[in-house]
Amino acid sequence: MIARMPALFLDRDGVINLDRGYVSRPEDFEFIEGAAEAIAAFNARGWYVFVVTNQSGIARNYYSEDDMHALHAWMVRRLAEAGARIDRIYYCPYHEEGENPRYRRDSFDRKPKPGMLLRAMADFPVKRESSFLIGDKEADLEAARAAGVAGFLFTGGNLASFAEWTLAGFEDGHRG
């Protein structure tokens, strides 16, 4: 039997990188201070680390899915250079008001719905009750609650410091 492990779920824009609105190119991507350190610290603890990100810029025709995949590959390489590993990136390219008819629809994966988190927990042996999400919007926290994991609001600063503070409170019973 495979041992279940806790998971750290991270939103992308506003948590891993500065949210500059529809970031799709490495030259527009700037890591939040402490992002790599936070991820590496949870890797060292034996936690899964997942990115769960709405990417409506695809539905809006601002960039393509290939552009997003290229950016994510670049991001994963930069994190790996800093000793940090993302176990999987889950994304939702859909939006009900999208310009691109291929992506113009409602989706159970689009936060505040919990689809991406639930898929991660189906794909990996996640210990749900020990897992939490860090996001920068209320929709992130709603998705976490709907998936049965704690959610914490990151409003800026050093992500590693915030994640350590969050973990300490979480271990003391604070569930977001």
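Computed from a prediction, not measured in an experiment: that's the story for all the values here.

The rules behind these values
Residues numbered from 1 in each chain as written. Predicted model: local features only at pLDDT ≥ 70, side-chain atom pairs only at ≥ 80, totals over all residues. Heavy atoms only, no water. Buried < 20%, exposed > 50% of the residue type's maximum accessible area, 1.4 Å probe, protein only. Helix = DSSP H or I, 4+ residues; strand = E, 2+ residues; numbered from the N terminus. Core = buried A, V, L, I, M, F, W, Y, C linked by side-chain atoms within 4.5 Å. Contact = heavy atoms within 4.5 Å. Axes fitted to C-alpha atoms, helices over the stretch in contact; angles between N-to-C directions. Parallel < 35°, antiparallel > 145°, perpendicular 65-115°, else oblique. Left-handed = near helix turned anticlockwise from the far one by under 90°. Nonpolar A, V, L, I, M, F, W, Y, C, P; charged D, E, K, R; others polar. Polar contact = N/O pair within 3.5 Å; in protein donor to acceptor, adjacent residues only side chain to side chain. Phe/Tyr/Trp six-rings, centres within 6.5 Å; stacked < 30°, edge-to-face > 60°. Lys NZ or Arg CZ within 6 Å of the ring centre and 35° of its normal.

Caption draft 1: Focus on unusual backbone geometry. A positive phi angle, near 55 degrees, is found at Tyr 22, a position not held by glycine. With relative accessibility at 38%, the residue Tyr 22 sits in the partly exposed group. The backbone phi angle of Asn 61 is positive, close to 65 degrees, even though this residue is not glycine. Here Asn 61 lies in the loop between helix H2 (56-59) and helix H3 (65-81).

Caption draft 2: Representation of the nonpolar core in the model. One finds Leu 8, Leu 10, Phe 42, Met 75, Phe 132, Ile 134 and Leu 159 to be the most contacted residues of the largest nonpolar core, which totals 34 residues. Counting only elements with at least two residues in this core, the list comes to strand E1 (7-10), helix H1 (35-44), strand E2 (48-54), H3, strand E4 (132-135), strand E5 (150-153) and helix H6 (159-171). Once you skip the residues sitting within four places of it in the chain, Ile 134 turns out to touch Leu 8, Phe 9, Leu 10, Asp 11, Val 15, Phe 152, Phe 154, Leu 159, Phe 162 and Ala 163.

Caption draft 3: Region of the structure containing the packing of helix H4 (residues 115-123) against helix H5 (residues 138-147). Contact geometry for H4 and H5: axes closest at 8 Å, N-to-C directions at 45 degrees. It follows from the interaxial angle that H4 and H5 lie oblique. Every pair of crossing elements has a handedness; the one defined by H4 and H5 is right-handed. Where H4 abuts H5, its residues Leu 117, Leu 118 and Met 121 lie against Ala 143, Ala 144 and Ala 147. Here the contact of H4 with H5 is composed, by residue class, of 6 nonpolar, no polar and no charged.

Caption draft 4: Local environment of the side chain of Asp 109. Along the polypeptide, Asp 109 turns up in the loop between strand E3 (88-92) and H4. Here the side chain of Asp 109 touches Met 116 through a polar contact of 3.4 Å, landing on its backbone nitrogen. Apart from residues lying up to four places away in sequence, Asp 109 is in contact with Asn 54, Cys 92, Gly 115, Met 116 and Arg 119.

Caption draft 5: Here's a closer look at the packing of aromatic side chains. One pass over the structure, following the stated rule, counts 16 aromatic pairs. With a centroid separation of 4.6 Å and 75 degrees between ring planes, the pair formed by Tyr 22 and Tyr 62 is classed as edge-to-face. Of this pair, Tyr 22 sits in the loop between E1 and H1 while Tyr 62 sits in the loop between H2 and H3; the two residues are 40 residues apart in sequence, bridging distant segments of the chain. With a centroid separation of 4.9 Å and an interplanar angle of 75 degrees, the aromatic rings of Phe 29 and Phe 31 are classed as edge-to-face. Classification of Phe 29 by relative accessible area gives buried; the value is 7%. One aromatic cluster is present, formed by Phe 9, Tyr 48, Phe 50, Tyr 90 and Phe 124 through successive ring pairs. Over the aromatic face of Phe 42 sits the side chain of Arg 45, whose NZ or CZ is 4.9 Å from the ring centroid. Sitting over the ring of Tyr 94, Arg 105 keeps its end group 3.7 Å from the ring centre.

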